[in-house]
Amino acid sequence: MAADRSKFSNKFGFIAAAAGSAVGLGNIWKFPFEVGNGGGSAFLIVYLVFCFVLCYPILVTEIAIGRKSQKSAAMAFKPLGHPRWSIVGILGVFCGVLILSFYNIVAGWVLGYFVEMLLGNFDIGKNFGTYIQDIAEVGGYTIAFLIATTYIVSMGVTKGIEKASKLLMPVLLAIIIILTIYAFTLDGASEGIHFYLVPDFSKLNLNVIYRALGQSFFSLSLGLGAMMTYGSYLSSKENIASAGVYITLADVGIAFLAGLMIFPFVFSQGLTPEGGAGLIFITMPGIFETMGPTLGVVIGSLFFLLLAFAALTSTISLMELPVAYMVDKHKIKRKKAVWYSAGIIFLLGIPSMLGNGYSEYFTSFITYVGAEKPVNFMDFVTDVASNTLLPFGGLMVSIFAIYAWKRQKLFKELSVGNPNFTKTFLSRYIAFSLKYICPPILGIIFIITVLEIFFGVKIL
Ligand code: PHE
């Protein structure tokens, strides 16, 4: 065990960093458009069930694996006596790099929009489609964002990741609460809330379930070892089960608030919630415009600043995956490892950047068997990495915990810093879910969706 391994300074530091990883563009950019496409509240309910029933137990397990092994994702299985399982961690690192390659581009749009709002250019919303094809501009902001991430990660765990998260997370919460209160005062707010909160189960289908599952894993940063890596920096004084509860509640709570904020905005403008990936970028500037030139600039720039903060605490956890891998496995210096990672991530992101209209090839990248329309490169990477591989990673973690590592050892680790753990309800809940719920549900959904979506085999 490396005695000199960096550590978060206390429980709040860890929760801020882990919640910072969880709360990101996934909550404020992706969640609302997934809800919009998935028929509103039906999607919301399935997502919530997945978060609490499947994701919470997997979150706790990932943190425990990381803390026990004192190693990042790809290296964590070996010290626990199961070197063959390292493949799950390596797949996770690969997945993290893929996700960051496109995530970083959306973060670049956010940064660009922040500047446009400061300049009072509210027309940018109508011009979203052309804006994202402006490769020089989007590329510039993407590089700027990547450099910010790289800089923080290069500062290390306590001085970089923890410090940034402790500062940014409370600010983010404050901004989102102010905007939600404002949204509630608008005409049309009740229509938005109705769409968001009154369930219409006729909208449920396999695709909605598949997306809600991917969203729950993406949103909680699960299935790729990000939480394992953060867990490896957690001290043995801390109670993992309760930290997991806070992280889950923070993540779900902020996604829920983001919905409460955005749908009143969308409906008050007479717009439709099915705006796809552009939803917030298209609708929000128009809303800020109606606030008048001064207030519009203030609220509009605050909003995109909030998104940029949320994104930054997530991109640092994604970048920590390849960096910790290089540091732990290849003994490369952290400062070098971050720049190598940044280079790879930037290059891999180029097709996603070009696939928003600039290059026809990457824009109509692939048509799934039986589908009517092609999807662009970014959507394809999202389907493969976040909607399919993350739940698959979660499936592997649950199987590992119960059948390879075994419940006793997991519980022993969860009792460190929480001596009464085995007597609590949470322990029974976690054990039950990991054994009886996660493997069958994740396994079945994985098989069905891979066959249906990628190979066009009709099962349901
Ligand atoms: N959870 C982050 C978000 O919601 C994204 C993320 C996924 C971060 C996986 C780390 C690992 O934006």
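Residues numbered from 1 in each chain as written. Predicted model: local features only at pLDDT ≥ 70, side-chain atom pairs only at ≥ 80, totals over all residues. Heavy atoms only, no water.

Engineer: Looking at this model, I keep getting lost on the site of the ligand. Mind explaining?
Structural biologist: If you check the shell around the ligand, you find 14 residues, and the closest are A22, G26, Y103, F218 and S221. Measuring from an oxygen atom of the ligand, one finds a side-chain N or O atom of N27 at 3.3 Å. Between a nitrogen atom of the ligand and a side-chain N or O atom of S221, the distance comes to 3.0 Å. Coverage of the ligand by the protein chains reaches 100% of its 330 Å² of free accessible surface. Listing elements by their share of the shell around the ligand, those giving two or more residues are α1 (11-22), α2 (25-37), α9 (206-219) and α13 (293-330). Classifying every residue of the shell around the ligand gives 6 nonpolar, 8 polar and no charged. (Near = heavy atom within 4 Å. Polar contact = N/O pair within 3.5 Å; in protein donor to acceptor, adjacent residues only side chain to side chain. Areas by Shrake-Rupley, 256 points an atom, 1.4 Å probe, with all protein chains shown as cover. Helix = DSSP H or I, 4+ residues; strand = E, 2+ residues; numbered from the N terminus. Nonpolar A, V, L, I, M, F, W, Y, C, P; charged D, E, K, R; others polar.)

Engineer: Can you walk me through the packing of helix α11 (residues 240-268) against helix α12 (residues 279-290) in this structure?
Structural biologist: Each packed pair of helices is defined by two parameters, the angle between the axes and the distance between the axes. Interaxial distance between α11 and α12 falls to 10 Å at its minimum, and their mutual angle equals 65°. Classified by the angle between their axes, α11 and α12 sit roughly perpendicular to one another. In the packing of α11 onto α12, the handedness of the crossing is left-handed. Seen from α11, the contacting residues are I262, F265 and V266; seen from α12, they are L279, I280, T283, M284 and I287. (Axes fitted to C-alpha atoms, helices over the stretch in contact; angles between N-to-C directions. Parallel < 35°, antiparallel > 145°, perpendicular 65-115°, else oblique. Left-handed = near helix turned anticlockwise from the far one by under 90°. Contact = heavy atoms within 4.5 Å.)

Engineer: Explanation requested: the nonpolar core in the structure shown.
Structural biologist: The nonpolar side chains of a soluble globular protein tend to be buried, and buried together. With 158 residues, the main nonpolar core has F14, F281, F303 and F304 as its most contacted residues. No other element matches α13, which puts 18 residues into this core. Beyond its immediate sequence surroundings of up to four residues, F281 is in contact with W29, V106, W109, V110, Y113, G125, F128 and F304. Counting residues in each nonpolar core, the second largest holds 5 residues, with Y368, V375, I453 and F454 among its members. (Core = buried A, V, L, I, M, F, W, Y, C linked by side-chain atoms within 4.5 Å. Buried < 20%, exposed > 50% of the residue type's maximum accessible area, 1.4 Å probe, protein only.)

Engineer: It is not clear to me how α12 should be interpreted in this structure. Could you clarify?
Structural biologist: Each turn of an α-helix holds 3.6 residues, which means side chains three or four residues apart point in the same direction. Compared with the 16 Å implied by 1.5 Å per residue over 12 residues, the 17 Å span of α12 between its first and last C-alpha is a close match. The secondary structure elements touched by the buried residues of α12 are α2, α4 (86-118), α5 (128-131), α11 and α13. (Expected span 1.5 Å × (residues − 1).)

Engineer: Would you mind showing me how to read a positive patch on the surface here?
Structural biologist: Side chains of K68, K406, K409 and K412 sit close together on the surface and give a patch of like positive charge. Per-element accounting of the positive patch gives the leading share, 3 residues, to helix α16 (residues 377-415). With respect to the element layout, K409 can be found in helix α16. (Patch = residues over 30% accessible without salt bridge, like charges linked within 9 Å, V, L, I, M, F, W, Y side chains within 5 Å. Salt bridge = Lys/Arg side-chain N within 4 Å of Asp/Glu carboxyl O. Lys, Arg positive; Asp, Glu negative; His and termini not counted. Charge placed at Lys NZ, Arg CZ, Asp CG, Glu CD.)

Engineer: What should I look at first to understand helix α14 (residues 334-354) in this one?
Structural biologist: Its 21 residues place the ends of α14 31 Å apart at the C-alpha level, agreeing with the 30 Å of an ideal helix rising 1.5 Å per residue. Most pronounced at L348, the bend in α14 amounts to some 30°, and the proline P351 follows within four residues. Those residues of α14 that sit buried are R334, A337, V338, S341, A342, I345, G349, P351, S352, M353 and L354. Where α14 is buried, its residues contact α4, α6 (135-154), α7 (157-184), α13, α15 (360-363) and α16. (Bend = angle between axes of the 7 residues up to and from the residue.)

Engineer: Would you take a moment to explain the environment of V297 for this structure?
Structural biologist: Here V297 lies in helix α13. C-alpha of V297 to C-alpha of Y361: the two residues are 64 residues apart in sequence and 37 Å apart in space. Beyond its immediate sequence surroundings of up to four residues, V297 is in contact with M117, L118, G120, F122 and G292.

Engineer: Would you take a moment to explain the pattern of salt bridges for this structure?
Structural biologist: When the charged atoms of two side chains lie near each other, side chains of opposite charge can form a pair. In total, this model carries 6 salt bridges according to the counting rule given. With a shortest N-O distance of 2.7 Å, R67 and E413 are connected by a salt bridge. Of this pair, R67 sits in helix α3 (residues 41-69) while E413 sits in helix α16, and the two are 346 residues apart along the sequence. Each member of the pair, R67 as well as E413, carries the same accessibility label: buried. Between D200 and K203 there is a salt bridge, and its shortest N-O distance comes to 3.3 Å. Relative accessible area serves as the criterion here: at 30%, D200 is assigned to the partly exposed category. Take K203: its relative accessible area is 39%, and that puts it in the partly exposed class.

Engineer: Please clarify how the packing of aromatic side chains should be interpreted in this entry.
Structural biologist: Think of a pair of aromatic rings as described by two things: how far the centres are apart, and how the planes are tilted against each other in angle. What the rule picks out here adds up to 37 aromatic pairs. Summarising the aromatic geometry, the rings of Y103 and F218 are spaced 6.0 Å apart at their centres and angled 45° between planes, so their arrangement reads as tilted. Of the two residues, Y103 sits in helix α4 while F218 sits in helix α9, which places them 115 residues apart along the sequence. Across this residue pair, the class does not change: Y103 and F218 are buried. Taken together, the ring pairs connect W109, Y113, F128, Y131, F281, F288, F303 and F304 into an aromatic cluster. A cation sits over an aromatic face here: K30 above F218, 4.8 Å from the ring centre. (Phe/Tyr/Trp six-rings, centres within 6.5 Å; stacked < 30°, edge-to-face > 60°. Lys NZ or Arg CZ within 6 Å of the ring centre and 35° of its normal.)

Engineer: Help me understand the side chain of S101, please; the structure alone is not making it clear to me.
Structural biologist: Its location among the elements puts S101 in helix α4. Judged by its relative accessible area of 2%, S101 is buried. At 2.6 Å, the side chain of S101 forms a polar contact with the backbone oxygen of L98. The residues touching S101, leaving out its near neighbours within four places in the chain, are I345, L348 and G349.

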